[in-house]
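An overview of the molecular structure
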Amino acid sequence: MPGGSVAKALAGLKDVKDVDWSKVHLFFVNERVPDGKCYNLAMDTWVKAVGMPEANVHKCDAGGSVEEEAAAYEAQMRTLAEGDDDAMILDEVNGLPVFDLILLGMGADGHVGSIYPNSPQAKDENISTNVFAVDMPGKRTISMSLHLINQADRVVVAATGAGKAETVKKALEEDLEFGE
């Protein structure tokens, strides 16, 4: 789940009927650590309103370095995959968790999660982890990798605001790879 305007738009979920929120698990494509910005936004804007159990909202709380947070978050995904009949599926070939839906917000520069165009994470198909750490001045986050995102049954990219129109147009009209 993304942050910002896309997360705020999810407040409308409180009006959706016939969803058994006890069977829904929420992971964040990227999250600031240690402050939990996306977690807090989700809780405040829609999770509490729909009645999703707090235990089903998976947050980063390992209390360690960004690298330790990323490893712990990936471990949460794998642990959920080892659960009961409602558990997340692991792909038999590569062992990656398979999400039913991944909702991505897109920045004006085309980034999704903490994957920026032309970054090593955008170009590296052989990344060794499903959740990676970004530890830069002013930006300490964990993010799902492209190969984990691409493993999902459905991926939706939401781009709101006029400032993103040119990037969306370029993505739709040109045959570009994300890593170019």
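To keep things clear, this report deals only with the structure shown in the data block. Since this is a predicted model, take the numbers as computed values, not measurements.

What follows covers the overall build of the chain. Along its length, the chain carries 6 helices and 7 strands. Across the 180 residues that make up the chain, the buried fraction comes to 40%. For the chain, the proportion of contacts with a sequence separation of at least 24, taken over those separated by at least 6, is 66%. If you sum the accessible surface of the chain, you get close to 10,100 Å²; carbon and sulfur atoms cover 50% of it.

In the structure shown here, the tally under the stated rule is 4 aromatic pairs. Between phenylalanine 27 and tyrosine 73 the ring centres are 5.6 Å apart and the planes differ by 70°, which places this aromatic pair in the edge-to-face class. In this pair, phenylalanine 27 is assigned in the loop between α1 (4–9) and β1 (30–32) and tyrosine 73 in helix α3 (residues 66–81), connecting sequence segments 46 residues apart. For phenylalanine 27, a relative accessible area of 5% puts it in the buried group. Here phenylalanine 28 and tyrosine 39 contribute two aromatic rings whose centre-to-centre distance is 6.4 Å and whose plane-to-plane angle is 75°, an arrangement assigned as edge-to-face. Taken together, the residues phenylalanine 28 in the loop between α1 and β1 and tyrosine 39 in helix α2 (residues 37–50) connect sequence positions 11 residues apart. We note that phenylalanine 28, like tyrosine 39, is buried. Here the aromatic residues Phe27, Tyr73 and Phe99 are joined through ring pairs into a cluster of three or more. Looking at lysine 59, its charged tip hangs above the ring of tyrosine 39, at a distance of 4.7 Å from the centre.

In space, the 3 strands of this open sheet follow the order β1-β6-β5, with antiparallel pairing throughout. This sheet does not close on itself; its edge strands, each paired only once, are β1 and β5 (131–136). Along the sheet, successive strands turn relative to each other by an average axial angle of 20°, direction set aside. In terms of strand pairing, β1 meets strand β6 (residues 139–144) through 3 bridges, oriented antiparallel. Pairing of glutamate 31 across the sheet is with isoleucine 142, part of β6. Sitting on the sheet, α3 is in contact with β5 and β6, with an inclination near 160° to β5.

Rules used in this analysis
Residues numbered from 1 in each chain as written. Predicted model: local features only at pLDDT ≥ 70, side-chain atom pairs only at ≥ 80, totals over all residues. Heavy atoms only, no water. Helix = DSSP H or I, 4+ residues; strand = E, 2+ residues; numbered from the N terminus. Buried < 20%, exposed > 50% of the residue type's maximum accessible area, 1.4 Å probe, protein only. Contact = heavy atoms within 4.5 Å. Areas by Shrake-Rupley, 256 points an atom, 1.4 Å probe, with all protein chains shown as cover. Phe/Tyr/Trp six-rings, centres within 6.5 Å; stacked < 30°, edge-to-face > 60°. Lys NZ or Arg CZ within 6 Å of the ring centre and 35° of its normal. Pairing = 2+ DSSP bridges. Axes fitted to C-alpha atoms, helices over the stretch in contact; angles between N-to-C directions.

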